[in-house]
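Fold and contact review
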Amino acid sequence: MYSEEIRRRRTFAIVSHPDAGKTTLTEKLLLFGGAIHVAGAVKSNKIRRTATSDWMDIEKQRGISVATSVMAFDYEGHKINILDTPGHQDFAEDTFRTLTAVDSVIIVIDAAKGVEAQTRRLMEVCRMRKTPVIVFVNKMDREAKDPFDLLDELEAELQIHVRPLSWPIDMGIRFKGVYNIYETRLDLYTPSKQYVTESVPVELNSGELDTRIGETDAAKLRKDLELIEGVYPPFNEEAYLRGDLAPVFFGSALNNFGVKELLECFLRIAPSPRPVQAVERIVEPEEEAFSGFVFKIHANMDPNHRSCIAFVKVCSGRFERNAPYLHVRLGRTFRFSSPTAFMAQKKEIVDEAYAGDIVGLPDNGNFKIGDTLTGGEQLHFRGLPSFSPEMFKYIENIDPMKSKQLAKGTEQLMDEGVAQLFVNRFNGRKLIGTVGQLQFEVIQYRLLHEYGASCRWDAANYYKACWIEGEGAPLEDFCRRKAQYLASDRDGRLVYLADSAYVLTMAQHDFPKLRFHFTSEF
Ligand code: G4P
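As a convention, each chain's residues are numbered from 1 in the sequence order in which they are written. Only residues with pLDDT of 70 or above have their local features reported here, since the model is predicted, and side-chain atom pairs are shown and tallied only from 80 upward, although totals for entire chains, interfaces and linings are computed over all residues. Only hydrogens and water are removed before side-chain values are computed, so all heavy atoms of the structure are retained for them.

1. Quick word on the site of the ligand
To be near a molecule or strand, a residue needs just one of its heavy atoms within 4 Å of it. The local shell around the ligand holds 17 residues, among which D19, K22, T23, T24 and S252 are the closest. Each polar contact in these results corresponds to two N or O atoms within 3.5 Å; when the atoms are within protein, one needs to be able to donate a hydrogen and the other to accept it, and residues that are neighboring in sequence are counted only if both atoms are side-chain atoms. Residue T23 places a side-chain N or O atom 2.4 Å away from an oxygen atom belonging to the ligand. The separation between an oxygen atom of the ligand and a polar side-chain atom of N138 is 3.0 Å. If you tally residues by element for the shell around the ligand, the top one is helix α2 (residues 22–32), at three residues. Just so you know the grouping, Ala, Val, Leu, Ile, Met, Phe, Trp, Tyr, Cys and Pro go in nonpolar, Asp, Glu, Lys and Arg go in charged, and all remaining residues, Gly too, go in polar. The residue makeup of the shell around the ligand, split by class, is four nonpolar, seven polar and six charged. Under the DSSP-based scheme used, a helix requires at least four consecutive residues in state H or I and a strand at least two consecutive residues in state E, with every element numbered from the N terminus.

Right, dumping it as C-alpha cells:
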C-alpha cells in the first residue's frame, strides 16, 4: 500500500573512528541534497574534552548532537535518512543501538591510519546484524597507505570481503583523482572544498588517459586495474545485501572528491527499509499497520523539564499524528500530538511518517530503550542488546533523605540506556556498569540536577560482566565457587563479574557446560 514511499527510502548511518571524516562526509552529502547550502553548516558532534571541560561543557556540546541526530533530505526522488552517531568512544553504546535502526552503513576510514579500534567494534555489530556495508577510504589528498595494502587490511580487520569500485590515482600532493570502475569514467581531482569535480568517460586503453594523467600514472592505473580484475571477483549486489561483501570507494571528503560517486552508487545498491524480526514474527515494511521501536532516548537539556525525546524507528506501515498506538510493554494506548521529524538541522512537527523514517516523540518517562509501539498487535522487536560493560563503580547514596529520588533517578537513567545496573548478589550493593568513564560523570550530574539526589562512587575493580546460562550441577558448582562474583541484572538474570581476563578465561575453561554471553541478548 505504501510501497512507493517505502521503496524510495534509504535509512543509514555513517560510522568511523573519531577524526576519520564522518562529519565532513555527512556535510557533503547534505550539500548534494540541497539540505544545507554552505560547507561548515554541520557542527561536529564530536565531544572535545579538554583538561578544563566538565560535564556541563560536554552537555552543551552534546546539545548539538540532538539537532543532528537524524538528518533527512530528498535527493533525486529518494528520501534519505542519515542517523548520526556520537563520535566519542564513551558513547559507543549509543552508536551500537543506533545501528539497530538502520538498513545499511557507510564506514569511513582514514587512508593514512587504516582500520582503527572503534571501526573494528562497530563492524562487529554490523556483522552480527548482517548490515550491508560500503567503505569510503577518506583523505586520499594526504600521504596514505598503499591502496592494495588497505584492501588487505580491511578484509583482515573487518572480516568481510571487499571489492573496490573506484581506484585512486596516486595520493597526497600527487593525487590526481580516481578511476570509477563501476562506470568506467575518470574523475579528475580539483582541490576545492565547494565544487564538484570534473568527470570524463575515458577508455582505459585510449591515449586520452595518458594525456589526462600522464604516461606513468596511466601505465600504473592500467596495471592496478588488471590486478584488481584478476584478484577480486566482480561486484555482486546480492553478496553486498547479505552483508558478505563491502564495495570500497576512495576519495577526499574535505575536497568533495569521490563523494558524489559514493552517493550515487549508494542510492543504486543500498537497501530500502528491510523486514524486521520481532519475537512473534517477521514484520514487513509494506504492511499496512504501523509498528516501530524506541532505539534512543534523549534527555532534555533543560534540567527543569525532565522530559525526553524518544526516537522511534518506524518498521512498518505509516505513523500518523494523534492516532492511537499501543505501547506494548505498558499495555496502554497513547496518542502523540507533536511527533517531530528531523529535516537536516530543523526539527518540525509531522503528520505522518513511513517505514524507514525516524520520529521523535516527546516523553516523560513512559519509554524505555527497546519498547515497541504498534497499531494494536502484541509485537516485541528484538535486537537491542546491551554489551557487557567494562567499567564498574558501586553507587552510594550520600543524602539519606533522598534515597527515593536516587532510586528513581537511577532507574530512569538505566531505562534511557545511559548505563547498566547490577545488584551484587553477595553484598546487595548496587553496581553501575558502563562502556566509558564519562558515563559516571553524566550519571552523577544528572542525578543531582534532575532528581536532586547526590551520590558517591566507590571503586569496583572488575574486568567484565557477562551473562551466564546453564543448568544443574555445573551451574550450582559455578555459583558456589564464584559466590562473591555474582550479580543480577535488572531482569534478575545471572551475571558473572570477572576481575581479570585471565580469571574469565579460566572460568570458561573450567565450566565448559555453561554459556558465557557478552551481550544481553541470547
Ligand atoms: P569525524 O567526524 O570522523 O570525527 O571527523 P571530521 O569530519 O570532523 O574530520 C576530522 C578532521 O579531518 C577535520 O580536521 C577535517 O577537516 C579533516 N578531514 C576530513 N576529510 C578530509 C580529507 O578528505 N582530507 C583531509 N586532508 N582532511 C580531511 P580538523 O582540523 O580536526 O577540523 P576542522 O578544524 O577542519 O573542522
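2. Some remarks on the environment of T131
Considering the arrangement of structural elements, one finds T131 in the loop between α5 (117–129) and β5 (133–138). Only protein chains enter the accessibility calculation, which uses a 1.4 Å probe; a residue is then buried when its area is under 20% of its type maximum, exposed when over 50%, and partly exposed in between. According to the relative accessible area criterion, T131 is buried, its value standing at 5%. Sequence separation of T131 and F12 is 119 residues, and the distance between their C-alpha atoms is 9.8 Å. Note on contacts: a residue pair qualifies if any of its non-hydrogen atoms lie within 4.5 Å across the two residues. Non-local contacts of T131, meaning those with residues more than four positions away in its chain, are made with D103, S104, V105, C126, G243 and R274.

3. Describing unusual backbone geometry
Residues apart from glycine generally show negative phi values, whereas peptide bonds are mostly found in trans. At D19, a position not held by glycine, the phi torsion is positive, near 85°. Of note, D19 is situated in the loop between β1 (9–16) and α2. Backbone geometry at Q159 places phi at a positive 50°, although glycine is not the residue there. On the secondary structure map, Q159 appears in the loop between α6 (147–158) and β6 (161–164).

4. Things to note about the packing of aromatic side chains
Two rings from Phe, Tyr or Trp (for Trp, the six-membered ring) form a pair when their centres sit within 6.5 Å of each other. Planes less than 30 degrees apart are called stacked, planes more than 60 degrees apart edge-to-face, and all others tilted. Scanning the model with the defined rule gives 22 aromatic pairs in all. Centre to centre, the rings of W167 and F250 are 5.4 Å apart; their planes meet at 75°, and the pair counts as edge-to-face. Highlighted residues: W167 in strand β7 (residues 166–169) and F250 in strand β11 (residues 245–250), separated in sequence by 83 residues. Taking the relative accessible area as the measure of exposure, W167 reaches 0% and is therefore buried. Residue classification places F250 among the buried positions, given a relative accessible area of 1%. Sitting above the plane of the F311 ring, K296 keeps its charged end 5.4 Å from the centroid. The ring of F440 is capped by K393, whose NZ or CZ atom sits 4.8 Å from the centre of that ring. As a reminder, the over-ring test applies to NZ of lysine and CZ of arginine, requiring each to be within 6 Å of the ring centre and within 35 degrees of the ring normal.

5. Comments concerning the sheet that holds strand β28 (residues 464–469)
Reading across from one edge, β27-β24-β26-β25-β29-β30-β28-β31 is the order of the eight strands in this open sheet, with antiparallel pairing throughout. Two strands close off the open sheet at either side, each with one partner strand: β27 (455–459) and β31 (515–517). Adjacent strand axes in the sheet meet at a mean angle of 40°, parallel and antiparallel pairs treated alike. DSSP calls a pair of strands paired once it identifies at least 2 bridges connecting them. The pairing of strand β25 (residues 420–424) with strand β29 (residues 486–488) spans two bridges and is antiparallel. Of the residues in β29, the one forming a bridge with V423 is S488. The sheet strands contacting helix α13 (residues 472–481) are β28, β29, β30 (494–498) and β31, and the helix crosses β30 at an angle near 45°. Think of each axis as a best-fit line through the C-alpha atoms, taken over the contacting stretch in the case of a helix, with angles from 0 to 180 degrees between the N-to-C directions.

6. Section: the pairing of strand β8 (residues 177–180)
As judged from the four bridges shared by β7 and β8, these two strands associate in the antiparallel manner. Each residue of the ladder has a partner; that of I169, found in β8, is G177. Summarising the sheet, β8 and strand β9 (residues 185–188) pair through four bridges and their orientation is antiparallel. In the sheet register, Y179 faces β9, and the bridge partner there is L186. Hairpin connection of β8 to β9: four residues between the antiparallel strands, including T184 at a positive phi of 45°.

7. So, helix α4 (residues 92–99)
Buried residues dominate α4, accounting for seven of its eight residues. Listed in full, the buried residues belonging to α4 are A92, E93, T95, F96, R97, T98 and L99.

8. Some points on the nonpolar core
L99, L154, W167, L186 and F250 are the most contacted members of the largest nonpolar core, which totals 66 residues. Among the elements that take part in this core, α6 stands out by supplying five residues, more than any other. The contacts of F250, once residues within four sequence positions are left out, are F136, V137, M140, P147, L150, L151, S166, W167, P168, V178 and G258. Joining through side-chain atoms within 4.5 Å is the link that ties buried Ala, Val, Leu, Ile, Met, Phe, Trp, Tyr and Cys residues into a set, and such a set is a nonpolar core. By size, the runner-up hydrophobic cluster in this structure holds 31 residues, among which are L29, I82, A239 and L262.

9. Here's the deal with the packing of α2 against helix α10 (residues 259–269)
The geometry of α2 relative to α10 is characterised by a closest axis approach of 10 Å and an angle of 75° between their N-to-C directions. By the angle between their axes, α2 is roughly perpendicular relative to α10. Touching L25, K28, L29 and F32 of α2 are V259, K260, L262 and L263, all from α10. In terms of residue class, the contact of α2 with α10 is built from six nonpolar, no polar and two charged. Roughly parallel refers to an angle under 35 degrees, roughly antiparallel to one over 145, roughly perpendicular to one between 65 and 115, and oblique to any angle outside these ranges.

10. Let's talk about the environment of T184
Topologically, T184 is positioned in the loop between β8 and β9. Residue T184 is classed as partly exposed on the basis of its relative accessible area of 44%. As for T184 and L165, which are separated by 19 residues in sequence, their C-alpha atoms are 9.8 Å apart. When residues no more than four places from it in sequence are discounted, the contact partners of T184 are Y179, P201 and V202.

11. Description of the layout of surface pockets
The method works on a 1 Å grid over the protein atoms by themselves. A cavity is a set of points holding a 1.4 Å probe that cannot get out, a pocket is an open set with protein on both sides within 12 Å along at least five of seven lines, and residues with an atom within 4 Å of a point line them. Grid points are joined across faces, edges and corners, and a volume is the space filled by probe spheres set on the points. Of the voids in this model, the second largest pocket is the one considered here, and its volume is about 590 Å³. Around the second largest pocket, the lining is made up of 26 residues, and of these R129, R274, P275, V276 and Q277 lie nearest the centre. Elements supplying a minimum of two residues to the lining of the second largest pocket: α5, β12 (276–277) and β15 (308–316). With three residues, β15 is the largest single contributor of residues to the lining of the second largest pocket. Here the lining of the second largest pocket is composed, by residue class, of 13 nonpolar, six polar and seven charged. An automatic or database domain assignment supplies the residue ranges for each domain. When residues are assigned to domains, the lining of the second largest pocket turns out to be shared by domain 1 (3–269) and domain 2 (276–374), each giving three or more.

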